[in-house]
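Residue-level structural notes
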Amino acid sequence: MRRAAFALLALALTACGDALVVADYQGEPLLSVSGRIADFRYANDDETLRASVFWWQDDRPQPDVTQLVEQQGVATKVTFPATFEINVFTPPPLEALDTTRPFQIGTVLVYADTDADGFLSEGELRGGATMFAIVFAPRPIPAARSPSGEALPRGYSIVRLPLPCGAQLELEPSGEACGVPLGAACDDDGDCGAGWCLTQDDYVEYPGGMCVLDSSRDGCVPANAVPQVLFFDDEFEERDVFLPMCGAQSDCREGYECLLAIAACVPVEPFFLDLFPAFEPMPFCLADLERW
Amino acid sequence: MRRAPARLGSRLGGGRPSRSVGPGLRIRAPLVGAILLITATAEAAEQRYAVVIGNNRGARSERPLRYAEKDAETFANVLRRHGDWAAENTVVLLGESEASIRRALLEVNARIREDRAHTTLVVYYSGHASEEGLHVGERTMSYRELRAIMRGSAATVRLLVLDACRSGGLTNVKGGRPAQPFDIRTARAPDVEGMVMISSSAAGEDSHESDRLGASFFSHHFTNALLGAGDEDGDSRVTLDEAYAYAYKNTLRASGHATTLQHPTYAYDLKGRGDLVMTRLDRFQRRASALELEQAGLYLVLDDAARGDVVAEVRAPRDKTRIVLPSSRYLVQRRDEDHYREYEVDLAPGETVELGTLASRRVSYARLVRKGSDLRSTAHAVYVLGGGRGAVLPDMGPAMSGAFEYGLSLELISLGLRARYGRNAAAAQTPTATVQHEELAFGATLSHFFDLPVVSLGVGLLVEAIHHQQQVESVVERERRAAWGFALAALFTAEVQLYGPLVLRAEGGPITYVFDRAVVEAGRDRGRETTTPLTGFVNVGVGVQF
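Residues numbered from 1 in each chain as written. Chains lettered and ligands numbered in written order. Predicted model: local features only at pLDDT ≥ 70, side-chain atom pairs only at ≥ 80, totals over all residues. Heavy atoms only, no water.

Of regular secondary structure, chain B possesses 7 helices and 32 strands. Per element, the accessible surface of chain B, about 22000 Å² overall, is 53% carbon and sulfur. (Helix = DSSP H or I, 4+ residues; strand = E, 2+ residues; numbered from the N terminus. Areas by Shrake-Rupley, 256 points an atom, 1.4 Å probe, with all protein chains shown as cover.)

Attention now goes to helix H1 (residues 68-82) of chain B. Residues and elements named next belong to chain B. Taking 1.5 Å per residue as the helical rise, H1 with its 15 residues ought to reach 21 Å, and the 21 Å between its terminal C-alpha atoms agrees with that figure. Among the residues making up H1, those that are buried are Ala68, Asp71, Ala72, Phe75, Ala76, Val78, Leu79 and His82. Asp84 lies just past H1 and shows a positive phi near 65°. (Expected span 1.5 Å × (residues − 1). Buried < 20%, exposed > 50% of the residue type's maximum accessible area, 1.4 Å probe, protein only.)

This part covers the packing of helix H2 (residues 98-114) of chain B against helix H3 (residues 143-151) of chain B. Residues and elements named next belong to chain B. Interhelical geometry of H2 versus H3 gives an angle of 15° and a closest axis separation of 10 Å. Judged on the interaxial angle alone, H3 and H2 are roughly parallel. The way H2 lies across H3 gives a crossing that is left-handed. Contacts between H2 and H3 involve Glu98, Arg102, Leu105 and Asn109 on the former and, on the latter, Glu145, Leu146 and Ile149. For the contact of H2 with H3, the per-class residue count stands at 3 nonpolar, 1 polar and 3 charged. (Axes fitted to C-alpha atoms, helices over the stretch in contact; angles between N-to-C directions. Parallel < 35°, antiparallel > 145°, perpendicular 65-115°, else oblique. Left-handed = near helix turned anticlockwise from the far one by under 90°. Contact = heavy atoms within 4.5 Å. Nonpolar A, V, L, I, M, F, W, Y, C, P; charged D, E, K, R; others polar.)

What follows deals with the confidence of the model for chain A. Taken residue by residue, chain A gives an average pLDDT of 80. The fraction at 70 or more is 83%. Considering each helix and strand of chain A separately, the mean pLDDT is smallest for helix H1 (residues 2-14) of chain A, with a value of 66, and largest for strand S11 (residues 205-214) of chain A, with 91. (pLDDT = per-residue confidence, 0-100.)

Time to look at a nonpolar patch on the surface. Residues and elements named next belong to chain B. Where nonpolar side chains cluster on the molecular surface, the patch consists of Tyr406, Leu417, Leu498, Tyr499, Leu502, Leu504, Val538, Val540, Val542, Val544 and Phe546 and spans about 980 Å² of accessible area. Secondary-structure elements contributing two or more residues to the nonpolar patch are strand S30 (502-521) and strand S32 (534-545). At 4 residues, S32 tops the list of elements feeding residues into the nonpolar patch. If you trace the backbone, Val540 turns up in strand S32. (Patch = residues over 30% accessible without salt bridge, like charges linked within 9 Å, V, L, I, M, F, W, Y side chains within 5 Å. Salt bridge = Lys/Arg side-chain N within 4 Å of Asp/Glu carboxyl O.)

Residue and element names in this part refer to chain A. Within the structure shown, the criterion is met by 6 disulfides over all chains. The residue that forms a disulfide with Cys252 is Cys265, at a sulfur-sulfur distance of 2.0 Å. Since a negative S-S torsion denotes a left-handed disulfide, the Cys252-Cys265 link at about -90° is left-handed. Here the residue Cys252 occupies a position in the loop between strand S13 (237-244) and strand S14 (256-259), and Cys265 occupies one in strand S15 (residues 264-267), the gap between them amounting to 13 residues. Each disulfide in chain A links cysteines that, numbered along the sequence, combine into the pattern 1-12, 2-7, 3-5, 4-6, 8-10, 9-11. (Disulfide = S-S within 2.5 Å.)

Moving on: the sheet that holds strand S10 (residues 196-200) of chain A. All names here are of chain A. Spatially, S10-S11-S13-S12 is the arrangement adopted by the 4 strands of the open sheet, whose pairing is antiparallel. With partners counted over all chains shown, the strands left at the sheet margins are S10 and strand S12 (225-232), one partner each. If you compare each strand with its neighbour and ignore which way they point, the axes differ by 50° on average. Here 4 bridges tie S10 to S11, and the two strands are oriented antiparallel to one another. Bridge pairing in S11 links Cys197 to Cys211. (Pairing = 2+ DSSP bridges.)

Core analysis: the largest hydrophobic core is formed by 52 residues, its most contacted members being Ile198(B), Phe222(B), Leu291(B), Val332(B) and Val345(B). When residues are assigned to domains, this core turns out to be shared by domain 1 (26-280) and domain 2 (288-358) of chain B, each giving three or more. Within the second largest apolar cluster, 45 residues are counted, among which are Phe84(A), Tyr156(A), Val241(A) and Cys265(A). (Core = buried A, V, L, I, M, F, W, Y, C linked by side-chain atoms within 4.5 Å. Domains from an automatic or database assignment.)

Axes are the key here: two packed helices are described by the angle between their axes and the distance separating the axes. Residue and element names in this part refer to chain B. Orientation of H1 relative to helix H5 (residues 217-229), taken along the N-to-C sense of each, is 10°, at an axis distance of 10 Å. Considering their axes alone, H1 and H5 lie roughly parallel with respect to each other. Residues Asp71, Thr74, Phe75, Val78 and His82 of H1 pack against Ser219, Phe222, Thr223, Leu226 and Leu227 of H5. Partitioned by chemical class, the residues of the contact of H1 with H5 number 5 nonpolar, 4 polar and 1 charged.

Now for the interface of chain A and chain B. Reports of interface size often rely on the accessible area that becomes lost once the parts have come together. On the side of chain B, 39 residues touch chain A, which itself brings 30 residues to the contact. In total, chain A and chain B occlude about 3100 Å² of area from one another, counting both sides; carbon and sulfur atoms represent 61% of this. Remark: the boundary between chain A and chain B carries 2 salt bridges. Between Glu28(A) and Arg524(B) there is a salt bridge; the shortest N-O distance is 3.9 Å. Counting across the interface, chain A meets chain B through 12 residue pairs in polar contact (both at pLDDT 80 or more). (Buried area = accessible area lost by both parts, 1.4 Å probe. Polar contact = N/O pair within 3.5 Å; in protein donor to acceptor, adjacent residues only side chain to side chain.)

Residue and element names in this part refer to chain B. Here chain B averages 80 in pLDDT, while 82% of its residues score no lower than 70. Predicted confidence is poor over residues 3-44, with pLDDT under 50, and the contacts of this stretch with residues over four places away or in other chains come to 147 contacts. Across residues 174-190, where pLDDT falls below 50, the model places 42 contacts with residues more than four positions away in sequence or in other chains.

Here we come to helix H6 (residues 240-255) of chain B. Along its 16 residues, H6(B) runs 22 Å from first to last C-alpha, staying within 8% of the 22 Å computed at 1.5 Å per residue. In terms of burial, H6(B) is largely enclosed, as 14 of its 16 residues are buried.

Here we come to the pairing of strand S2 (residues 49-55) of chain A. Residues in a regular strand project their side chains so that they alternate between the two faces of the sheet. Residue and element names in this part refer to chain A. Among the 7 residues that make up S2, 5 are buried, leaving the element largely enclosed by the rest of the structure. One ladder, built from 7 bridges, connects S2 with strand S6 (residues 104-112); its direction is antiparallel. Across the sheet, residue Trp55 finds its bridge partner in S6, namely Gly106. Across 2 bridges, the pairing between S2 and strand S3 (residues 69-70) is antiparallel.

Moving on: the pattern of salt bridges. Residue and element names in this part refer to chain B. Summed over the entire model, instances satisfying the criterion amount to 29 salt bridges over all chains. For Arg322, the salt bridge is made with Glu292, and the minimal N-O distance between the two is 3.4 Å. Of this pair, Arg322 sits in strand S18 (residues 321-326) while Glu292 is found in strand S15 (residues 288-293), placing the two residues 30 residues apart along the sequence. Looking at Arg322, the relative accessible area reads 25%, which means it is partly exposed. Classification of Glu292 as buried rests on a relative accessible area of 10%. Across the pair Arg505 and Glu495 runs a salt bridge, and its minimum N-O distance is 2.9 Å.

The relative placement of two aromatic rings is captured by the distance of their centres and the angle of their planes. Overall, the coordinates contain 10 aromatic pairs over all chains when judged by the stated rule. When the ring of Phe84(A) is compared with that of Phe271(A), the centres are 6.0 Å apart and the planes differ by 75°; the resulting orientation is edge-to-face. Here the residue Phe84(A) occupies a position in strand S5 (residues 83-88), and Phe271(A) occupies one in strand S16 (residues 271-275), the gap between them amounting to 187 residues. The same class applies to Phe84(A) as to Phe271(A), namely buried. Residues Phe75(B) and Tyr124(B) carry aromatic rings whose centres are separated by 4.3 Å and whose planes lie at 15° to one another, so their mutual orientation is stacked. Of this pair, Phe75(B) sits in helix H1 while Tyr124(B) sits in strand S4 (residues 118-126), and the two are 49 residues apart along the sequence. Residue Phe75(B) shares its accessibility class with Tyr124(B), and that shared class is buried. Cluster of aromatic residues (ring-pair linked, three or more members): Phe75(B), Tyr124(B), Phe218(B) and Phe222(B). Its guanidinium or amino end placed over the ring of Tyr25(A), Arg481(B) lies 4.8 Å from that ring's centre, counting from NZ or CZ. (Phe/Tyr/Trp six-rings, centres within 6.5 Å; stacked < 30°, edge-to-face > 60°. Lys NZ or Arg CZ within 6 Å of the ring centre and 35° of its normal.)

With that settled, consider the environment of Tyr244(B). All names here are of chain B. Mapped onto the elements of the fold, Tyr244 is located in helix H6. Residue Tyr244 is classed as buried on the basis of its relative accessible area of 0%. For the pair formed by Tyr244 and Ala225, sequence separation is 19 residues and the distance between their alpha carbons is 7.9 Å.

Turning next to the environment of Ile141(A). All names here are of chain A. Checked against the element boundaries, Ile141 lands in the loop between strand S8 (132-137) and strand S9 (155-160). Linking Ile141 and Pro153, residues 12 residues apart in sequence, is a C-alpha distance of 6.4 Å. The residues contacting Ile141, other than those within four sequence positions of it, are Pro102, Phe103, Ser146, Ala151 and Leu152.

The structure is reproduced here in structure tokens:
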């Protein structure tokens with residue numbers, strides 16, 4: 001009885017206060033990115049992959065891999081087979097900071113350090129982020145000067161690609177109803193009238209379903225609609241659809257976010273890292289992406 | 001009866017009230033420093049007789065004593081060797097019956113009656129007694145009869161010494177009764193005669209035996225007094241009043257460690273005044289030697305060859321007090337306030353050794369306490385220690401620490417209370433931050449020491465409650481973490497006496513820390529788990545013992 005009481009007392013004592021940290025503890029991260037690796041099949045079993053944050057050194061629309069600056073102070077955890085966590089504990093390296101610009105844009109790349117030099121070298125790139133970028137702002141950025149079209153706080157932010165990069169979309173909010181409750185939740189096509197119920201595309205699920213309307217056919221253009229191309233992997237099929245238009249996050253249902261570059265509500269997606277052969281970093285801005 | 005050591009126990013004798021010793025006997029309560037004077041006789045014409053009785057056995061209900069017969073034998077030896085009692089005039093009765101004692105007393109009295117010289121008779125009894133009389137085996141020899149025999153003796157001077165429980169029934173003095181000091185010393189008067197009775201305890205008190213001394217308190221100190229410890233005036237002659245005064249003080253002091261105090265008492269009926277010289281220290285018998293104690297104070301004389309048995313506990317009343325001892329090797333300890341000084345003495349036959357001329361070694365009381373001492377039961381010390389421990393967190397490296405400890409030494413165990421501050425020798429370097437680890441610990445130690453000639457080795461346990469603090473500094477923030485934990489260690493200690501009360505201590509051992517550590521994933525704190533890392537620690541420092 002006394003031993004048990006002593007053990008309880010000891011446990012109670014050790015439970016007091018904080019837990020002590022060890023040398024691999026780096027404090028609270030300035031940026032934490034976690035997500036999924038979209039396709040692990042392209043990774044070689046004998047390669048140890050590293051994921052890290054890289055920064056652009058110039059204004060070229062498509063980053064040159066050889067000119068990227070790797071972020072220091074990054075700790076990663078990759079859990080087999082397909083989740084990752086990247087914690088950034090320091091600001092971007094000085095050589096990546098352009099003091100003449102209000103922000104710096106970076107991305108997450110995955111590489112196999114086959115030459116074991118600790119850096120990304122030619123031929124080592126295996127994949128990276130295709131739907132998200134990282135913005136570092138030494139000072140808060142107002143929406144008018146923000147690459148994402150929204151105000152960004154000081155420090156790190158994760159922004160979804162593509163970025164409007166100041167481009168103003170000419171939206172046509174007027175239109176007809178076209179017999180479809182565009183953007184409404186649905187269980188099946190019967191809920192969407194002339195449209196159909198979108199529950200999943202090649203990449204993501206549409207939470208609660210979303211009523212959309214094919215845009216490939218000549219005909220009715222619904223009000224507050226944005227044309228987009230969706231991919232469906234099962235049938236290697238492309239479909240042109242109208243998605244609900246938005247101008248702010250509040251315009252979209254729960255589980256959806258407003259992608260300002262296209263002014264459409266799209267599902268909130270986890271941070272994907274895509275691995276595939278001949279991966280190249282993509283341009284961030286919508287205009288550059290369209291030219292890419 | 002006399003009280004055996006605690007482990008033997010004892011039984012008190014009858015509880016009848018004490019009786020008057022008769023109209024002719026004046027009674028005085030015991031007093032520290034009381035002076036007992038008796039008629040002295042011309043030494044050349046004096047004949048001395050003694051009946052020395054020792055009996056370990058009392059009534060059936062009384063536990064046997066351990067040292068009564070030994071005390072009697074020692075007393076008789078002192079009288080014969082140093083007190084002018086001829087062997088043929090000294091009757092020693094050990095374990096004899098009441099009838100034998102009565103017969104011996106009557107026979108000696110008969111011899112004294114035939115002796116025309118000035119005679120002194122000493123009757124010494126060591127054994128069980130009650131307030132009624134001596135318990136000699138199953139029989140009781142009443143104080144009335146004993147007084148009658150003594151009073152009827154033709155000896156010029158009669159001295160009756162009883163070392164027994166409640167022997168104050170003889171002198172009719174109750175224990176602990178306050179009394180005023182007095183002084184009846186006058187000029188020498190060779191024609192004085194009379195009777196003196198000394199009891200080791202008052203009427204209602206026990207008399208104690210000591211295993212450490214291997215004797216009763218009273219007989220030990222009375223005998224030591226006769227061997228020189230009582231020679232207060234330094235004339236190499238120990239008078240009865242000197243011996244009694246010494247025995248009284250030290251018996252009372254020694255009984256302070258027992259459950260009840262023991263007050264020796266006396267009564268006298270004298271005509272004339274003077275000093276009775278009991279022993280002479282300037283006359284060594286064969287195989288005897290003398291030791292001159294350098295200064296007043298408390299000395300313990302240990303038999304160097306017999307497992308350190310106590311030969312004499314002597315409180316020297318003055319500088320250069322001389323005590324007589326059998327020729328042998330001794331270990332003499334002089335007790336001071338915060339330490340004792342140890343001398344190795346080799347007494348050759350007929351030799352007088354001055355203790356102050358010998359090399360000595362200062363020893364802390366911690367050792368004395370650990371040996372088991374009646375004089376001190378605790379010793380104290382404070383230590384300042386510095387050292388370190390191994391890593392308790394991965395990649396965090398060792399830590400340096402400083403500690404302050406208070407130590408308490410008891411006979412079997414030594415306890416310690418300590419406060420310790422520790423800090424990582426170097427801040428742990430992470431890719432983006434440094435982690436500095438500090439700990440403030442409050443601990444307790446429990447050790448058992450083995451005292452070797454030069455070094456004392458301790459084995460024990462250390463328990464600490466530890467308040468950990470960590471400071472994590474990165475390029476952008478400073479984070480403080482605080483946590484409680486504890487540690488349990490096996491403690492191995494070595495102590496070496498340096499100079500004076502200074503002691504050098506080295507300690508160390510395996511130590512287990514218990515605390516919660518963070519589960520770190522990708523550089524972040526993602527939870528906690530209790531961990532018990534095992535490492536080692538070592539401390540070195542100095543202490544002051546007192």
